[in-house]
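# Coordinates in review
Each chain, written out:
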Amino acid sequence: MRQLSKIKSVLFHLYPGIIITACFAVLTPLFLNYQLPPQFSILVIISIVAIPLLVLHINQAKKEEQKDKLAQVNGYIKKISTTKLILYVSGLVIFMFFIWGITQPLNDIITQKIFNWLPAWYTVQDFKGYGKAIIIVTLILNLVINGVLVPVVEEYYFLGYLFPRMAAWGKWSFVVNAILFSFYHFWQPYVYLTLLIALLPLSWAVWKTRDLRVGIYTHCALNIIGALASFGLLVK
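From a predicted model like this one, the values you see are computed outputs, not experimental measurements. (Residues numbered from 1 in each chain as written. Predicted model: local features only at pLDDT ≥ 70, side-chain atom pairs only at ≥ 80, totals over all residues. Heavy atoms only, no water.)

Quick look at the overall build of the protein now. Counting its regular elements, the protein contains seven helices and zero strands. Scanning the protein from its N terminus toward the C terminus, one meets helices and strands in the order α-α-α-α-α-α-α. Here the C-alpha atoms of the protein give a radius of gyration of 18 Å, agreeing with the 18 Å that 2.2 N^0.38 yields for 236 residues. If one aligns the C-alpha atoms of the protein with their principal axes, the spans along those axes are about 50 × 35 × 35 Å. In the protein, which comprises 236 residues, the proportion classed as buried is 46%. Taking the contacts inside the protein whose residues are at least 6 apart along the sequence as the reference set, 80% of them involve residues at least 24 apart. Total accessible area on the protein stands at roughly 12200 Å², and carbon and sulfur atoms take up 70% of it. Taken together, the 19 basic and 8 acidic charged side chains of the protein have centroids lying 5 Å from each other. (Helix = DSSP H or I, 4+ residues; strand = E, 2+ residues; numbered from the N terminus. Rg over C-alpha atoms; globule rule 2.2 N^0.38 Å. Buried < 20%, exposed > 50% of the residue type's maximum accessible area, 1.4 Å probe, protein only. Contact = heavy atoms within 4.5 Å. Areas by Shrake-Rupley, 256 points an atom, 1.4 Å probe, with all protein chains shown as cover. Lys, Arg positive; Asp, Glu negative; His and termini not counted. Charge placed at Lys NZ, Arg CZ, Asp CG, Glu CD.)

Okay, here's the thing in structure tokens:
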């Protein structure tokens, strides 16, 4: 396994987020002109920019390390027992939803005080003013893209590929990974606090178990539950 320098590990964590955010900033006003919400815009960008970008990078790493398959780039291939896997994932999901709940008021304050210079649409988190049809389409896309595709690709890239190659950071590698993974979400600065706190135990758990499934399943569960809850609020 080819280790990364500190500079490369920082760069490889952040550059995809910079590209995604640039596309979001440029394309979203165009989507708004067609009465399509920002949430729809970022889902399209994730599909056509983020996922291909991360997969291409992993594929390049596969070639550089002379691996035969993309799966061989993953540095955390241990398989813990099903019971332990369920316990880890359940505990992380409960903890993360708890953190999300208690940090929401602080996130709102941070958005109003620090990120108030951003366009209003950049930090919008609801569908106020949009038709029910486009909201339903957006929520379905969110369930598929954010519920399955994004967790698999992001966890593979950040925790399966980058994290095991961060030996240069020593015992702080899981902390650095969580911080950089959080800041990668430049298009969601209003949830930085939540991400920073929630991702620390996730990085630690993957490092502790050496099982990438802990990260993937936790991420999938969080996003799927969140997506289904959005449907529930729409019906209500």
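Within the element layout of this structure, His219 appears in helix H7 (residues 213-235). Dropping the residues within four chain positions of it, His219 is found in contact with Pro151, Glu154 and Glu155.

Further remarks concern helix H3 (residues 82-113). With 32 residues, H3 extends 45 Å from end C-alpha to end C-alpha; this agrees with the ideal 46 Å at 1.5 Å per step. Along H3, the sharpest kink reaches roughly 45°, centred on Thr103 and followed within four residues by the proline Pro105. If you check which residues of H3 are buried, you get Leu85, Val89, Leu92, Val93, Met96, Ile99, Thr103, Gln104, Asn107 and Thr111. (Expected span 1.5 Å × (residues − 1). Bend = angle between axes of the 7 residues up to and from the residue.)

Quick look at the pattern of salt bridges now. Throughout the structure, instances matching the rule amount to three salt bridges. A salt bridge links Glu64 to Arg2, with the nearest nitrogen and oxygen atoms 4.0 Å apart. Here Glu64 is found in helix H2 (residues 38-64), whereas its partner Arg2 is found in the segment before helix H1 (6-33), with 62 residues between them in sequence. Among the salt bridges present, the one from Arg213 reaches Asp211, with a minimum N-O distance of 2.8 Å. (Salt bridge = Lys/Arg side-chain N within 4 Å of Asp/Glu carboxyl O.)

Look at helix H5 (residues 173-183) against helix H6 (residues 192-209): their axes get within 8 Å of each other, and the N-to-C directions meet at 140°. With respect to the hand of their crossing, H5 and H6 are arranged in right-handed fashion. Residues Phe174, Val175, Asn177, Ala178, Ile179, Phe181, Ser182 and Phe183 of H5 touch H6, and the partners they reach there are Tyr192, Leu195, Leu196, Leu199, Leu200, Ser203 and Trp204. In the contact of H5 with H6, the residues fall into twelve nonpolar, three polar and no charged. (Axes fitted to C-alpha atoms, helices over the stretch in contact; angles between N-to-C directions. Left-handed = near helix turned anticlockwise from the far one by under 90°. Nonpolar A, V, L, I, M, F, W, Y, C, P; charged D, E, K, R; others polar.)

Here we come to the packing of aromatic side chains. The tally for this structure, following the rule as stated, stands at 13 aromatic pairs. Considering the side-chain rings of Tyr157 and Phe158, the 4.9 Å spacing of their centres and the 85° angle between planes classify their relative orientation as edge-to-face. Assigned by exposure class, Tyr157 and Phe158 land together as buried. Site record: aromatic cluster; members linked through ring pairs are Tyr157, Phe158, Tyr161, Phe181, Tyr184 and Trp187. Positioned above the aromatic ring of Trp169, the side-chain terminus of Lys6 is 4.9 Å from the ring centre. (Phe/Tyr/Trp six-rings, centres within 6.5 Å; stacked < 30°, edge-to-face > 60°. Lys NZ or Arg CZ within 6 Å of the ring centre and 35° of its normal.)

Side chains of Ile136, Ile140, Val144, Val148, Leu149 and Val152 sit close together on the surface and give an oily, nonpolar patch of about 450 Å² of accessible area. Relative to the elements of secondary structure, Leu149 occurs in helix H4 (residues 132-162). Given a relative accessible area of 42%, Leu149 falls into the partly exposed group. (Patch = residues over 30% accessible without salt bridge, like charges linked within 9 Å, V, L, I, M, F, W, Y side chains within 5 Å.)

The topology assignment puts Phe24 in helix H1. Residues Phe24 and Gln188, 164 residues apart in the sequence, show an inter-C-alpha distance of 11 Å. The contacts of Phe24, once residues within four sequence positions are left out, are Pro29, Pro38, Ser41, Ile42, Ile45, Trp121, Tyr122 and Trp187.

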